[in-house]
Amino acid sequence: MLKRKGKNFRLIYIAISILLIFLIFFVSLDKRLRPIITDYSASVGETLMIKLVDETVAQIFEEEGVEYDDLVTLSRDENGNVTSLQINTAKINYIKSNISVMVAEKIAQKERYTLKIPLGTIIGNEYTVGRGPDIKFKMQITTTVIADFESRFYSAGINQALHQIHIKVKMNGQTVIPWYRSAFNLETSVIAAETVIVGITPDAYTNVIESGTDVTEDVFDFGTH
């Protein structure tokens, strides 16, 4: 009877030892792999989102036929000189809303992405990075999208100014892989429209200050004195 108890005790001891060794190995492996996988997935997620935003903006502008004159109205004096610019806030708000909605819809349509990480990269050795067969993971991306517009002026020569309308898209999201999550904050900018203004520098520029996604009533005219 004592021999049987002793044998059972040894079996339990061996089982616990194996379990502890497995747990230590798993924790050590997880500690090594977690930063590699999370950083890699965040980088891939950002690349996918930038590509998605670029495609969405191009699609909307092509479908809507948006041009510079649809977004900006130039006022001129009797000599044809540009005196002021006015932003078409209604059109811009419409486009902003469409971008946010369409990007969210495209993300929702594709529930799973395939993340491929070379085995050499997972190993983490500088001599093996990017080498070896790909280890595949199923990845989800969740994100919130905020689109905004920005007006920029650049010198384009004597009595010339390049005026650009940029679409700025901010995304706060995370990639989700079994056992791993990685957050990312992304901001990308796309040129929506541009034109070269020839002649005297505008006397005034109407700048509409926005709060969040809604345009406020604060409109400022910056005139020359």
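Residues take numbers from 1 onward in each chain, read along the sequence in its written order. Only residues with pLDDT of at least 70 are given local features in this predicted model, and only at 80 or more are side-chain atom pairs given and counted; all residues enter the totals for whole chains, interfaces and linings. Water and hydrogen atoms play no part in the side-chain values, which are based on all heavy atoms of the structure.

J.: Tell me what's going on with the overall build of the chain, and back it up with residues and numbers.
T.: When its secondary structure is counted, the chain shows 4 helices and 8 strands. Secondary structure elements are defined from DSSP: runs of H or I of at least 4 residues count as helices, runs of E of at least 2 residues count as strands, and each element is numbered from the N terminus. Ordered by position in the sequence, the α and β elements of the chain form the string α-α-β-β-α-β-α-β-β-β-β-β. Looking at the chain residue by residue over its 225 residues, the buried ones come to 32%. Residue contacts follow a heavy-atom distance rule, with two residues in contact if any of their heavy atoms lie within 4.5 Å. Of the contacts made within the chain by residues no fewer than 6 positions apart, 61% connect residues no fewer than 24 positions apart. Throughout, the Shrake-Rupley method with a 1.4 Å probe supplies accessible areas, and for residues the shown protein chains are the sole cover considered. If you sum the accessible surface of the chain, you get close to 14,700 Å²; carbon and sulfur atoms cover 56% of it. Throughout this description, buried means an accessible area under 20% of the type-specific maximum (1.4 Å probe, protein chains only), exposed means over 50%, and partly exposed covers the range between.

J.: Give me the pairing of strand E6 (residues 180–198): which residues, what numbers.
T.: Two strands form a pair only when DSSP identifies at least two bridges running between them. In the sheet, strand E5 (residues 160–177) pairs with E6 via 18 bridges, with the strands oriented antiparallel. Paired with His166 across the strands is Ile191, a residue of E6. The hairpin formed by E5 and E6 contains 2 residues between the paired strands, and Trp179 there has a positive phi angle of roughly 80°.

J.: Can you break down the nonpolar core residue by residue, with the values?
T.: Nonpolar core, defined: a set of buried Ala, Val, Leu, Ile, Met, Phe, Trp, Tyr and Cys residues in which side-chain atoms within 4.5 Å join the residues together. In terms of nonpolar packing, the biggest core is built from 43 residues, with Met49, Leu71, Ile99 and Met171 touching the most fellow members. Looking at this core element by element, the count peaks at 8 residues for helix H1 (residues 2–64).

J.: Go over the pattern of salt bridges with me, naming the residues and quoting the values.
T.: For this document, the term salt bridge refers to a Lys or Arg side-chain nitrogen within 4 Å of an Asp or Glu carboxyl oxygen. What the rule picks out here adds up to 4 salt bridges. Between Arg152 and Glu150 there is a salt bridge; the shortest N-O distance is 2.6 Å. Classification of Arg152 by relative accessible area gives partly exposed; the value is 27%. The exposure class of Glu150 is partly exposed, given its relative accessible area of 25%. Note that Lys168 is salt-bridged to Glu187, the shortest N-O span being 3.6 Å. Of the two residues, Lys168 is situated in strand E5 and Glu187 in strand E6; the sequence distance between them amounts to 19 residues.

J.: Lay out the sheet that holds E5 with the relevant residues and their values.
T.: Reading across the sheet, the 4 strands line up as E3-E4-E5-E6 and stay open at both edges, with antiparallel pairing between neighbours. Either end of the sheet is taken by a strand with one partner, and the two such strands are strand E3 (113–118) and E6. Here the average twist between neighbouring strands, direction ignored, is 40°. Of the strand pairs in this sheet, E3 and strand E4 (residues 134–155) are connected by 6 bridges, and their pairing is antiparallel. When the bridges of E4 are listed, Lys116 appears paired with Lys136. Most of the contacts of helix H3 (residues 89–109) go to E4, to which it runs at about 170°, and overall it touches E3, E4 and E5. Axis definition: a line fit to C-alpha positions, over the contact stretch in the case of helices; interaxial angles, taken between N-to-C directions, run 0 to 180 degrees.

J.: Report on the side chain of Thr175, specifying residues and quantitative values.
T.: Within the secondary structure, Thr175 sits in strand E5. On the basis of relative accessible area, Thr175 is assigned to the buried category, the value being 0%. The residues contacting Thr175, other than those within four sequence positions of it, are Ser41, Ala42, Gly45, Met139, Gln140, Ile141, Tyr180, Arg181, Ser182 and Phe184.

J.: Before we move on, can you summarise H3 with the specific residues and values?
T.: Taking 1.5 Å of rise per residue, the 21 residues of H3 would be expected to cover 30 Å, and the 30 Å separating its terminal C-alpha atoms lies within 8% of that figure. Among all positions of H3, only Ile92, Ile95, Lys96, Ile99, Ser100, Met102, Val103 and Ile107 are buried. Any helix carries an expected span of 1.5 Å times its number of residues minus one.

J.: Lay out the side chain of Thr188 in plain terms, naming residues and giving numbers.
T.: Relative to the helices and strands, Thr188 resides in strand E6. Those residues in contact with Thr188 that sit more than four places away from it in its chain are Ile50, Val53, Ile167, Lys168 and Val169.

J.: Describe in detail a positive patch on the surface, supporting the description with residues and values.
T.: Patch definition: residues with relative accessible area over 30% and no salt bridge; like charges joined within 9 Å; nonpolar side chains (Val, Leu, Ile, Met, Phe, Trp, Tyr) joined within 5 Å. When charges are counted, Lys and Arg are positive and Asp and Glu negative, with His and the chain ends excluded. A single reference atom marks each charge: NZ on Lys, CZ on Arg, CG on Asp, CD on Glu. There is a patch of like positive charges on the surface, built from Arg112, Lys116, Lys136 and Lys138. Within the fold, Arg112 resides in the loop between H3 and E3. On the accessibility criterion, Arg112 (44% relative accessible area) is partly exposed.

J.: With reference to specific residues and values, describe the environment of Lys106.
T.: Here Lys106 shows up in helix H3. Separated by 54 residues in sequence, Lys106 and Leu52 have C-alpha atoms that sit 8.1 Å apart. Excluding residues that lie within four positions of it along the chain, Lys106 makes contacts with Leu52, Glu55, Thr56 and Gln59. Polar contact is the term for a pair of N or O atoms within 3.5 Å; when the atoms are in protein, one must be able to donate a hydrogen and the other to accept it, and sequence-neighboring residues count only if both atoms are side-chain atoms. A distance of 2.9 Å separates polar atoms of two side chains, one belonging to Lys106 and the other to Gln59.

J.: Any details on the confidence of the model for the chain? Residues and values, ideally.
T.: In predicted models, pLDDT denotes the confidence assigned by the predictor to each residue on a 0 to 100 scale. When pLDDT is averaged along the chain, the result is 75; 79% of the residues meet or exceed 70. Contacts of residues 207–225 to residues separated by more than four positions or lying in other chains number 33 contacts, the stretch itself having pLDDT below 50.

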